[in-house]
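What the coordinates show
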Amino acid sequence: MSVGAAVRRVRAYGGQFLLLAVLTLVVTLLISGVPRLVNRLAEQGLRAQLNSEPAARRDLAYTSRVEPATSRRTAMGDAAERFDALAADMPQQVRSAVTERWYSVETAEARVVGPDLAARNLLVDLGLRAMPDMQGASTLVEGTWPSETYVPDRPIEVALDVDVARKLNLRAGSQLRIGNPDDKGRLVDGAPLVVSGLFRPVDRANGIWDGLPQLLQIIEPQGDGQPFVIVGVVAQSPFNKRAAEGWPIQTNWRYRLGVDRIDARELNQLIDGLQVLQRNQPPELTLTQGVDVPLRAFAAQIDAVRTLLAVIAAGVLATLAGLIVLAASLATRRRRSEFALLRARGGGATAGARRSLAESVLVVPIAAVLGWWLGTLFPGAPDPTTPYVIAVTVLVTLALPLATLAVPAGGAVRRDLIRVRPSARRLTVEVSLLLLAGLAAVLLRRRGLTLGEVDPLLVSVPVLLAVAAAVLALRVYPWPLLLVSRLAARTRGSVAFLGTARAGRAAVAAPLVVVVLAIGTAAFCAVVAAGVDASRERAAAQIVPADAVIRGERFAPDTIDELGRLPGVRAVTRVLYEDDERFASDEVGTDAFIGQTDVLLVDGSGLDTVVRDSQVDLSIPAALRTAAPGPGPLPAIVSPAVAADLAKAGLDDSAFISVQGQRYEFRVAGTADGFPLLAANARRFVILPWQALPTRTTTPVPTSLLIAGDSLDAEVLRVAGDQGQERYQRDGTVTGRERMIGVTVDTRADVRRDLGEGGANGVLAFGFVAGAVGGTVLGLLAIAFTVLAGARARGQVLSRLRTLGLSRRQWRGLLLVELTPLVAVSVLTGAIVGAVLPLLLNPVLGLSAFTSGVPVRVAFEPSLVAAVLALGAVALGFAVAVEALNNRRLRLGEVLRLGEES
């Protein structure tokens, strides 16, 4: 069998081999390129998430205790030696991600006094810090840098940030004394100190300035009579001498992980390395790091999205495999007479298969290599996909020979007959397939999916269920059409009768399966995407059950009125939240040891008003909304865990809970799995109605304020909230308390946007769009195969009917009647499969990582009906267009020649 003959046959059947080559190219392109694109999107998402965090969040900070130096080496020399040793002891995954590192040695803050400070009556504590590379990261503005030469009786020279110094009325040459104050505020053994110079940082974003306390900022007093705290820079040699004299010192070593050094594909290894680092920290040091929090959150998203992508990829690749089988079957069907003639002339049983193999070898490997090469052009880090490309190439190459072996040895066979009773072989295959799909579904619900890993059997569950649904549809498909055909036979006209009769006898087994797979994958992506979007809305409403929320420590009572006067504000309500409170069996007795719980105090009617004005889809329990002051315990909504504990302790009828130091009696009026303003994973909470609290001399103070309004300005709300806290502190009965932390303002719109952006949301959106679009396109292509599979038979029937007087209009009607049931049953079955699959897979996909922990709920979407109808109409129009183009190419007058096969 010569190569030239195979080349001539490939040219003669160029269209069929071109289709097979294109399908091969698409498969290898997806296998090679999509992982790169996913890695690229994951990398971009990880960088965006880490860059949105403060840079210091990526620091691994070791801190020693404040104590006199015990080493014989100098303080700075010992710090430098330990600096390299700590880096060398890090796990390799962590060490390779470190891009910047710093160390410093400093003294504890001590009181400084001097004429310049006394001129403004300033109380200041100063810490002294020695650190390398200081001069290279800053510019001297005034004076000189501290001298490296140590003179015993010379004042300590210190350099200060120029902005810090000017705010405290200090300048180059300011004379100070530093020491520890006694009970009357006078220094004990104060040492002379001079400000030798003032500097300004070259780049304030440089990580060298992020050490705590910071060199470039003044720590404001935390209460009445408290000092300002600043840090100054001293030279290393004088500092070593002071440390050797017994000054207590503290050493800090910081290692910053670089965003570009963290590989999204190796997050789990990096997180494990951080855990090892935490476990193996030296006992004399304290390790502080917070980078594992965003890394864990992103890793959870990536694991969930990779599992989802594996499910989607299984559906898409199975559809492409079905299309390749259809293409090979269609090609061999068109050449059936050629293979029959080859057998008649003495060829062996495998002669046709060998011929097809030679032809496939000339086409498929080239297309596979081209697809693999195009995939390598996609941006992103590669995955080891070459073995899969080779395996796909071999399988596709064998598809045409195997299809040739399946061709009957005789001549033409009738394919328009439907056996009422299927053969035992077909029945066995179908029953086995149904049982396998059911078993896989049971295993999926029992075992679940390991997020981030691919279990071939469990990931293939959607494919098995889609194929099983297609088999059931095939089994049911002919019976309604036979009934309609019998009814149509009693009416006038032949179009309805002939169309339904032919549709009922059509052989659509393999094409229908492929269409169901494709449409099911597209519908699955659409339904899950809608479920995630709706769950994000619920998550945003859980975090901010209004248009905005102001969170702080405590607000003055008139803050609600002040907020109500702001532009756009329609309603304001108060909320009080406290965590880790204990129950009591009576008002003054000991606490009941049944576990701690969170307490949420809400104004039920006010909360209901704000929720309705904000158009939030939340229902406030009637027990909270309608509660009013009166005798007896307060009605409370509790979590199921708290309700069970109270019932076990015999306190479900009446118990006491502490709220800001006051105990209130309550009874369980209902249970809830969650409530707005509480964390999605909160399992122990008690919610009390504020408006029903008994009157007491001490009233609760709100810690949060919910606001409903239009076009709210977050900055204006923040200022009003800070002022409310300041009024509470100024007007309160307690004086000298610590300064309150500034309020935070969150709007529901901002929270919703944050949930849908950043992190691995780009990968998730890509999976949904690719699955929906790819499934729809492949579904239309499968419908085209279905039409082409019976095109010759329809062409013969049409030509005969046209000779009997069938008009062009009647022919179009006949075509529509014949194709509509096929398209309708395939699209409808695929849509049903796509709508049912999320109900099965949603609990094991871990998509709550994209909804702030709120469980993703997948429900029936009314828009899916409209989408199915639109897709059905498009598919039917596409099928008619394919049939018309094919008939024009075939020239219907030629299909009546003897030997033309159906």
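Located above this text is the structure these notes cover.
Residues numbered from 1 in each chain as written. Predicted model: local features only at pLDDT ≥ 70, side-chain atom pairs only at ≥ 80, totals over all residues. Heavy atoms only, no water.

As for the overall build of the protein
Along the protein, the regular secondary structure elements total 28 helices and 21 strands. Burial status across the protein gives 49% buried among its 902 residues. Total accessible area computed for the protein in this model is approximately 43,200 Å², and 57% of it derives from carbon and sulfur atoms. (Helix = DSSP H or I, 4+ residues; strand = E, 2+ residues; numbered from the N terminus. Buried < 20%, exposed > 50% of the residue type's maximum accessible area, 1.4 Å probe, protein only. Areas by Shrake-Rupley, 256 points an atom, 1.4 Å probe, with all protein chains shown as cover.)

Thoughts on the side chain of T107
Take T107: it is sitting in strand β3 (residues 98-107). Aside from chain neighbours lying at most four places away, what touches T107 is G127, L128, F239, W247, P248 and I249. (Contact = heavy atoms within 4.5 Å.)

Quick look at empty space enclosed by the protein
For the coordinates displayed, the defined rule picks out four cavities of 30 Å³ or more. When its volume is computed, the largest cavity comes out at roughly 170 Å³. Along the wall of the largest cavity there are 15 residues; nearest its centre are P155, I156, E157, P238 and R242. Elements with a minimum of two residues in the lining of the largest cavity: β7 (156-161) and α7 (236-244). Top element by residues in the lining of the largest cavity is α7. It accounts for three residues. A breakdown of the residues in the lining of the largest cavity according to their chemical character gives ten nonpolar, two polar and three charged. (1 Å grid on protein atoms, 1.4 Å probe; cavity = no way out; pocket = protein on both sides within 12 Å on 5 of 7 lines; lining within 4 Å. Points joined across faces, edges and corners; volume = space filled by probe spheres on them. Nonpolar A, V, L, I, M, F, W, Y, C, P; charged D, E, K, R; others polar.)

A closer look at unusual backbone geometry
In this structure, P213 follows L212 across a cis peptide bond, with omega equal to -10°. Here P213 lies in the loop between β9 (187-201) and β10 (228-233). Unlike most non-glycine residues, Q615 shows phi in positive territory, near 55°. As for its placement among the helices and strands, Q615 is situated in the loop between α20 (604-613) and α21 (622-625).

A closer look at the pattern of salt bridges
The tally for this structure, following the rule as stated, stands at 29 salt bridges. Among the salt bridges present, the one from D603 reaches R574, with a minimum N-O distance of 3.9 Å. Taken together, the positions of D603 in the loop between β15 (591-602) and α20 and R574 in strand β14 (residues 569-584) put the pair 29 residues apart, joining distant regions of the chain. The class of D603 is buried, set by a relative accessible area of 15%. Among the residues examined, R574 registers a relative accessible area of 27% and is labelled partly exposed. Between D608 and R612 there is a salt bridge whose closest N-O contact spans 3.0 Å. Here the residue D608 and the residue R612 both occupy positions in helix α20, the gap between them amounting to four residues, near one helical turn. Three or more residues are tied together by salt bridges with common partners; here these are D59, D210, R254 and R256. (Salt bridge = Lys/Arg side-chain N within 4 Å of Asp/Glu carboxyl O.)

Description of the environment of A80
Topologically, A80 is positioned in helix α3 (residues 75-88). Look at A80 and you get partly exposed, because its relative accessible area is 25%. As a C-alpha pair, A80 and Y103 span 23 residues in sequence and 7.5 Å in three-dimensional space.

Re the packing of helix α2 (residues 14-52) against helix α11 (residues 351-376)
Between α2 and α11, the shortest axis-to-axis distance is 7 Å and the interhelical angle comes to 30°. Here α2 is positioned roughly parallel relative to α11, judged by the angle of their axes. Here the hand of the crossing between α2 and α11 comes out right-handed. Listed contacts from α11 to F17, L20, A21, T24, L25, T28, L29, S32, G33 and R36 of α2 are E359, S360, V363, V364, A367, A368, L370, G371, W372, L374, G375 and T376. Its residues assigned to classes, the contact of α2 with α11 comprises twelve nonpolar, eight polar and two charged. (Axes fitted to C-alpha atoms, helices over the stretch in contact; angles between N-to-C directions. Parallel < 35°, antiparallel > 145°, perpendicular 65-115°, else oblique. Left-handed = near helix turned anticlockwise from the far one by under 90°.)

A short note on the pairing of strand β19 (residues 685-689)
The element β19 is extensively covered by neighbouring structure, given that five of its five residues are classed as buried. Burial of the side chains of β19 extends over both faces: F685, I687 and P689 are buried on one face and V686 and L688 on the other. In this structure, strand β16 (residues 634-638) lies alongside β19, joined through two bridges in antiparallel fashion. Among the inter-strand pairings, V638 is bridged to a residue of β19, identified as V686. (Pairing = 2+ DSSP bridges.)

Brief notes about the nonpolar core
A general feature of soluble globular proteins is that nonpolar side chains tend to end up buried together. In this structure, L60, Y255, L295 and F524 are the most contacted members of the largest nonpolar core, which totals 166 residues. Here this core takes 22 residues from helix α9 (residues 292-334), the largest share from any one element. L295 has contacts with L46, L50, I262, L267, L270, I271 and L274, leaving out every residue within four places of it along the chain. (Core = buried A, V, L, I, M, F, W, Y, C linked by side-chain atoms within 4.5 Å.)

Some thoughts on helix α13 (residues 424-447)
Over its 24 residues, α13 extends 34 Å from the first C-alpha to the last, a length consistent with the 34 Å expected when each residue adds 1.5 Å. Along α13, the positions that sit buried rather than exposed are E430, L433, A437, A440, A441 and L444. Positive backbone phi, approximately 75°, marks G448, located one or two places after α13. (Expected span 1.5 Å × (residues − 1).)

Quick notes on a nonpolar patch on the surface
A surface patch of nonpolar side chains, about 600 Å² in accessible area, is lined by L357, V361, I390, V394, L398, L402 and L405. When residues of the nonpolar patch are traced back to their parent elements, those giving at least two are α11 and α12 (386-405). Tallying contributions element by element places α12 first for the nonpolar patch, with five residues. With respect to the helices, strands and loops of the structure, V394 is situated in helix α12. (Patch = residues over 30% accessible without salt bridge, like charges linked within 9 Å, V, L, I, M, F, W, Y side chains within 5 Å.)

Notes on the packing of aromatic side chains
Summed over all chains, the structure comprises six aromatic pairs. Seen in terms of ring centroids, W145 and F199 are 5.8 Å apart; in terms of plane orientation they differ by 25°. Their pairing is stacked. With W145 in the loop between β6 (138-143) and β7 and F199 in strand β9, this pair connects stretches of sequence that are 54 residues apart. The same class applies to W145 and to F199, which are both buried. (Phe/Tyr/Trp six-rings, centres within 6.5 Å; stacked < 30°, edge-to-face > 60°.)

Considerations on the side chain of E157
Mapped onto the fold, E157 is located in strand β7. A polar contact of 2.9 Å, which involves the side chain of E157, links it to the side chain of R154. Aside from chain neighbours lying at most four places away, what touches E157 is W145, P146, S147, V194, S196, V233 and V234. (Polar contact = N/O pair within 3.5 Å; in protein donor to acceptor, adjacent residues only side chain to side chain.)

Quick word on helix α1 (residues 3-12)
Of all the residues in α1, the buried ones are A5, A6, R9 and V10. Seen end-on, α1 carries its buried residues on one side only, within an arc spanning 140°. Residues of α1 that are exposed and angled more than 90 degrees away from the buried face: V3, R8 and R11. The inward-facing, buried residues of α1 abut α2, α10 (336-344) and α11. (Arc of directions from axis to C-beta.)

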